[in-house]
Amino acid sequence: MRVKELHPLCCITLESPHTLDEDNDANKPPPEPATNLTRSRSLPATSLTGGSNRRSLTTAGSVAGILYKWTNFSKGWRSRYFLLRNGILSYSKIRRPENLNLLSSSDDVRLIGNISADRLSRMDSCSGRRKQEKNVGIVHLKVSSFRESKSDDRKFYIFTATKTLHLRTDSISDKAAWLQALASAKCIFPLRSLNGDFSFTSPKDLSISTERLKKRLHEAGMNENLVKECEQIMLSEFSEMHGQIRLLHEERTNLFDALRQLEEANLEAGGSGIHSSLGRGKFSECSTTASSDGKQEFEDVSEEDEPSFHDTKEYFNEPNIGSGSNLSNNSGYADIKRRTKLPDPAEKEKAVSLWSMIKDNVGKDLTRVCLPVFFNEPISSLQKCFEDLEYSYLLDQAYEHGKSGNGLLRALNVAAFAVSGYASTEGRHCKPFNPLLGETYEADFPEKGIRFFSEKVSHHPTVIASHCEGKGWKFWGDTNLRSKFWGRSIQVEPVGVLTLEFDDGEVFQWSKVTSTIYNIILGKLYCDHHGVMQIRGNRQYSCTLKFKEQSILERNPHQVNGFVEDVAGRKAATVFGKWDDSLYYVAGDGVSKTKVSDPASNASLLWRRTKPPLNVTRYNLTSFAITLNELTPGLKEMLPPTDSRLRPDQRHLENGEYEKANLEKQRLERRQRMSRQLQESGWRPRWFDKQGENETFKYTGGYWEARGYRKWDDCPNIFGEFTEEQLPDSA
């Protein structure tokens, strides 16, 4: 039985073009493999295009090669075999040379890049124990678009109504060749309405005449009975063929209806400047910004904003290509399981006399004092920076308010975010680990729509730089913590500027207030934040917040009061609340001393702190902080050797192995004391840089790309053994 071969715009057949004659001819060569995509011979090209020029285009040579396709953050970039033919781009996981018989000697195929058998063997050295992958991904160029990356000269994107392919080549010339091939193939089937000349002959209009057959049989001298019998056989065969044609017609009509819906979705996306978000869940895979001339241009799509990625296997398991509801449920965020408590301690902790530790360190910089791990919590200062983004949804809301033209609510949400970072400090009396020079920390939280990265960029003074990207915003800054022992208290003064920039160009900047821990020797330990925070905006609104210092007889501690004013100095809203509980606002020049508990108050809630975890430890970590040092399955293999999660003393403390933690901390403190000499010998941060002496460290890029390739050659093992001989010569 003949396997149907359909037009590329209708469907793809993955079987070989067998015919009935093959069973009768054993000497014929074996059929071509299943991945050869051929256009329909049952539907002439002229019936679709109306001309011979299009026929010559559709029979032009195909293009094939190896491209690297982004899959997800756990697997990174993976090589795929791509074949471009007849306006269709197909890709497959088949990489073994013995299984890559995709092309016959008669095929007119141009190869891009080096896809020799030796290279394919190296790319899949462990594939000998695998079963052959048979799934093939399909992209119809008629209902797709593509463009090159603005940040990577070897990367480009292909957008469809249901997914986005992130692709990379080995060289710039290979990328140019692929883009040229895609542009040429797209010209074969230009994007135009499917309501044009795509009409087929209806089965109702098909008929057959037996007059010529009867005339010829009569001329041959056959009798009337034999002629009628032949006529009956012919009509019976025609009736059977007519039924098959009718089923084929219905099938193609349904397929064209599905393609028409995809095309309409693509046209709507193209008209608005935004690609369709079918199946992408909450976050779109690309965004747009208005340029100065009023035109819409696509921003560079980054892996940081991608909610989901479709590979060959997942894509072909989707039952309904026209339904977006099923796709949105497959984003994978609901499957992310983060821990809710720390590991149970392996040994009993021994208390340490605090006075014996600090009596000789009064007035000294806390960062230079070596304390036992008893006074530490199992996270580093790099992770502590990311803890400030626990309520990042406030920035998402600020972005949406700004898009809708409500600049006041944007400024209020930014103010709430600046205050929310202090909520996790309530009851936290332990000191985070001081990072080693060059130590880094990454946080990928797709369920929150953010990716964060930080690095210790200086040892004297201690400076930590961080960078985070969310939906429509970027947040970065560097912080120099100046801390002092004053016998009765510890005072921490952050020095540095935090910057928040939205995609529409609005920027807010502020600095943190002073933090103090009281009653070090006697009494109950408590933490307080005090000072004035100026949140400066570059457009219409700015905000001033005052953190009131707690007094001995204070009945209502942790108060925050402030206001939002416009460029003319007029108060647009009043803000009040507590930094460890909630924040409210009243539009206009309201009364800043309004009680939050007053039911008659017309205040609106901006932010409220989440409830503490059920499994409380002596560290009093929040539910969010408990997840920061977690090594989720498969993450360790992706991390650079400088990540805080790999720091041994911190890991031992988290596991309750206090003796091992103290030994490792003393070893790393000796290595830390070499950092100043290392920095004076010309050491430079790997991922951050600043233009001037008074400028802020900014992320230079490249970390997430290196993570995808797992290339950490220039990242030293800072937690391993270290000797003075390893220091570079100062000369």
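Criteria and cut-off values
Sequence order sets the numbering: in each chain, residues are counted from 1 along the sequence as written. In view of the model being predicted, local features appear only for residues whose pLDDT reaches at least 70, and side-chain atom pairs are presented and counted only at 80 or more, with totals across whole chains, interfaces and linings using the full set of residues. The side-chain quantities take in all heavy atoms of the structure and omit both hydrogens and water. Think of it this way: any DSSP run of H or I at least four residues long counts as a helix, any run of E at least two long counts as a strand, and we number them from the N terminus. Exposure classes here rest on a 1.4 Å probe applied to the protein chains alone. A residue is buried below 20% of its type maximum, exposed above 50%, and partly exposed in between. Any two residues having at least one pair of non-hydrogen atoms within 4.5 Å are treated as being in contact. Only the protein chains shown count as cover for residues, with accessible areas throughout obtained via the Shrake-Rupley method and a probe of 1.4 Å. Strand pairing follows a simple DSSP-based rule, namely that at least 2 bridges must link the two strands. A pocket, in this scheme, is an open set of points on a 1 Å grid over the protein atoms alone with protein on both sides within 12 Å along at least 5 of 7 lines, while a cavity is a set where a 1.4 Å probe fits but cannot get out; residues line either one if an atom lies within 4 Å of a point. Grid points are joined across faces, edges and corners, and a volume is the space filled by probe spheres set on the points. Residues are grouped as follows: Ala, Val, Leu, Ile, Met, Phe, Trp, Tyr, Cys and Pro are nonpolar; Asp, Glu, Lys and Arg are charged; all remaining types, including Gly, are polar. For this document, the term salt bridge refers to a Lys or Arg side-chain nitrogen within 4 Å of an Asp or Glu carboxyl oxygen.

Some remarks on the overall build of the protein chain
Stage number 1. Of the regular secondary structure elements, the protein chain holds 17 helices and 28 strands.
Stage number 2. For the protein chain, the proportion of its 731 residues judged to be buried stands at 47%.
Stage number 3. At a minimum sequence separation of 6, the contacts of the protein chain that also span at least 24 residues come to 61%.
Stage number 4. With an accessible surface of roughly 36,800 Å², the protein chain has 50% of that area assigned to carbon and sulfur atoms.

Topic: unusual backbone geometry
Stage number 1. At the junction of H460 and P461, the peptide bond is cis and its omega measures out at 0° in the coordinates.
Stage number 2. Here P461 shows up in the loop between β14 (450-458) and β15 (463-470).
Stage number 3. Of note in this structure, N86 is not a glycine but carries a positive phi near 55°.
Stage number 4. The residue N86 is located in the loop between β2 (76-85) and β3 (88-92) in this model.
Stage number 5. With a phi close to 55°, R710 is a non-glycine residue in the positive phi region.
Stage number 6. Turning to its location among the elements, R710 is positioned in the segment after α17 (703-709).

As for the pairing of strand β21 (residues 526-537)
Looking down a regular strand, the side chains alternate between one sheet face and the other.
Stage number 1. By the bridge criterion, two bridges tie strand β19 (residues 507-510) to β21 in an arrangement that is antiparallel. From the neighbouring strand, F508 faces β21, where its bridge partner is G537.
Stage number 2. With five bridges connecting them, strand β20 (residues 514-518) and β21 associate as antiparallel partners. By the bridge assignment for β21, Y518 is matched with Y526.
Stage number 3. Taken together, β21 and the strand that follows it, strand β22 (residues 541-547), pair antiparallel across an intervening segment of three residues.

Some thoughts on empty space enclosed by the protein
Stage number 1. Taken as a whole, this structure holds seven cavities of 30 Å³ or more when the rule is applied.
Stage number 2. Roughly 80 Å³ of volume is contained in the second largest cavity.
Stage number 3. Its residues assigned to classes, the lining of the second largest cavity shows seven nonpolar, one polar and two charged.

Concerning the pattern of salt bridges
A side chain with one charge may pair with a side chain of the opposite charge, provided their charged atoms come close.
Stage number 1. In the structure shown here, the tally under the stated rule is 23 salt bridges.
Stage number 2. Two residues, E442 and R707, come together in a salt bridge whose shortest N-O distance is 2.9 Å. Highlighted residues: E442 in strand β13 (residues 440-445) and R707 in helix α17, separated in sequence by 265 residues.
Stage number 3. Residue classification places E442 among the buried positions, given a relative accessible area of 1%.

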